[in-house]
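# Residue-level structural notes
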Amino acid sequence: MLRSERGPMFWLVPICIVVLAAALIGVVVVNKDGSSDSAASEASDGSADSSGTSGSGDGTGQTSESGQTSDEPDFSFLERHDAEDSRAVGDDDAPVTLIMYSDYQCPYCATWNDETLPELMDFVDDGELRLEMRDLAVFGEASGTAARAAFAAGEQDAYLEFHNALFDDGKHRSESTLSQDALITLAEDLGLDGQQFNQDMNAVTAHEDLEANSAEARSIGVTSTPAFIIGGTPILGAQPTKEFVDAVDSALAEADDTGSADSAVRDDGHGQP
């Protein structure tokens, strides 16, 4: 069920996987100097603003006003659809998947979480959209600790609640409030088992998970946050909410067309010798 008229999202024919990384690298401005001292005042060190580029760069490559690339590859192969993924929200067989690469010290990620995520939850509640979160450590060690803490919250089926608490009121927490002790206290305030949370946050699996997400992001050129993939199409930066609603609507329409075409093919072949 569409919630807005389909906007001009500039969907283009996917190119081969061999050039996927190069295509996105040409759009995302590389920034490895993210400072964890003050993410809000130094957003250029790892945050992609609503123009789809990190603040310190000149936006090499072309992006549309919606933050989408001018030559869009298909990144749907990164969708996991893992029913055991504790940080995924929504049905694992939903027709559209949104992947978000985020950092808990990223101001634009916090803004998106406050302004746009609630609107997209309508799609999730209707079984039309699945959210797959990839928490990164672009801004440094404190971001990594927060990402592992979110992983630990997910082990107690409280990922989204913990995630939202870290972005409360559309603001990210300061570095000092992302210490291990502070995060355990937050978990306990949310009703989680603090001892189990501490163990899970420091477990090898939590470190491996963070590294796996970071490696995936690097492999496609994502070095600033937030970055999104909706139905296989990348969107860079915290674009206006309408751009995400339009993107999901367009992806749903495309999924519906694909499903109808597949059904027609099956019907045409039914009963044929």
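Here goes a summary of the coordinates provided. As the structure is a computational prediction, the values presented were derived from the model and not from experiment. (Residues numbered from 1 in each chain as written. Predicted model: local features only at pLDDT ≥ 70, side-chain atom pairs only at ≥ 80, totals over all residues. Heavy atoms only, no water.)

Moving on, we get to the nonpolar core. Formed by 60 residues in total, the largest nonpolar core has its most connected members in Tyr101, Phe162 and Phe197. Leave out the neighbours within four places in its chain, and tyrosine 101 touches Leu78, Arg134, Leu136, Glu216, Ala217, Ile220, Val222, Thr225, Pro226, Ala227 and Ile229. (Core = buried A, V, L, I, M, F, W, Y, C linked by side-chain atoms within 4.5 Å. Buried < 20%, exposed > 50% of the residue type's maximum accessible area, 1.4 Å probe, protein only. Contact = heavy atoms within 4.5 Å.)

Turning next to helix α6 (residues 180–189). Every buried residue belonging to α6 is among Leu183, Ile184, Leu186 and Ala187, and all of these are buried. In a view along the axis of α6, the buried residues occupy a sector of 160°, so they form one face of it. Facing away from the buried surface of α6 by more than 90 degrees, the exposed residues are Asp181 and Asp189. In the stretch just after α6, glycine 191 is the one whose phi turns positive, near 90°. (Helix = DSSP H or I, 4+ residues; strand = E, 2+ residues; numbered from the N terminus. Arc of directions from axis to C-beta.)

Moving on, we get to the packing of α6 against helix α7 (residues 194–201). The geometry of α6 relative to α7 is characterised by a closest axis approach of 9 Å and an angle of 135° between their N-to-C directions. Judged by the inter-axis angle, α6 sits oblique to α7. At the point where α6 passes α7, the crossing takes the right-handed sense. Contact residues: Gln180, Leu183, Ile184, Ala187 and Glu188 in α6; Gly194, Phe197, Asn198 and Met201 in α7. For the contact of α6 with α7, a count of residues per class yields 5 nonpolar, 3 polar and 1 charged. (Axes fitted to C-alpha atoms, helices over the stretch in contact; angles between N-to-C directions. Parallel < 35°, antiparallel > 145°, perpendicular 65-115°, else oblique. Left-handed = near helix turned anticlockwise from the far one by under 90°. Nonpolar A, V, L, I, M, F, W, Y, C, P; charged D, E, K, R; others polar.)

The next thing to look at is helix α5 (residues 159–166). Along α5, the residues that are buried comprise Tyr159, Phe162, His163, Ala165 and Leu166. What you see down the axis of α5 is that its buried residues fit within an arc of 160°, all on one side. Buried-residue contacts for α5 involve α2 (107–115), β3 (129–135), α4 (141–155), α6 and α7.

What follows deals with the pairing of β3. Counting buried positions along β3 yields 7 of 7 residues, so the element is predominantly enclosed. Burial along β3 is two-sided: Leu129, Leu131, Met133 and Asp135 facing one way and Arg130, Glu132 and Arg134 facing the other are all buried. Pairing of strand β1 (residues 88–89) with β3, which is carried by 2 bridges, proceeds in the antiparallel orientation. Note that in β3 the partner of alanine 88 across the bridge is glutamate 132. Note: strand β2 (residues 96–102) against β3, 7 bridges, orientation parallel. Each bridged residue has a counterpart across the sheet, and for serine 102 the counterpart in β3 is aspartate 135. (Pairing = 2+ DSSP bridges.)

Right, let's talk about the packing of aromatic side chains for a bit. Enumeration over the complete set of coordinates arrives at 6 aromatic pairs. Pairing tyrosine 104 with phenylalanine 167 gives two aromatic rings, centres 5.2 Å apart and planes at 40°, and the pair type is tilted. On the criterion of sequence distance, the pair formed by tyrosine 104 in the loop between β2 and α2 and phenylalanine 167 in the loop between α5 and α6 is long-range, its members being 63 residues apart. According to the relative accessible area criterion, phenylalanine 167 is buried, its value standing at 2%. Aromatic side chains tryptophan 112 and phenylalanine 228 sit 4.9 Å apart centroid to centroid with 40° between the ring planes, which places their arrangement in the tilted category. Residue tryptophan 112 is located in helix α2, and its partner phenylalanine 228 is located in strand β4 (residues 227–230); the two are separated by 116 residues in the primary sequence. You'll find tryptophan 112 and phenylalanine 228 in the same group, each marked buried. (Phe/Tyr/Trp six-rings, centres within 6.5 Å; stacked < 30°, edge-to-face > 60°.)

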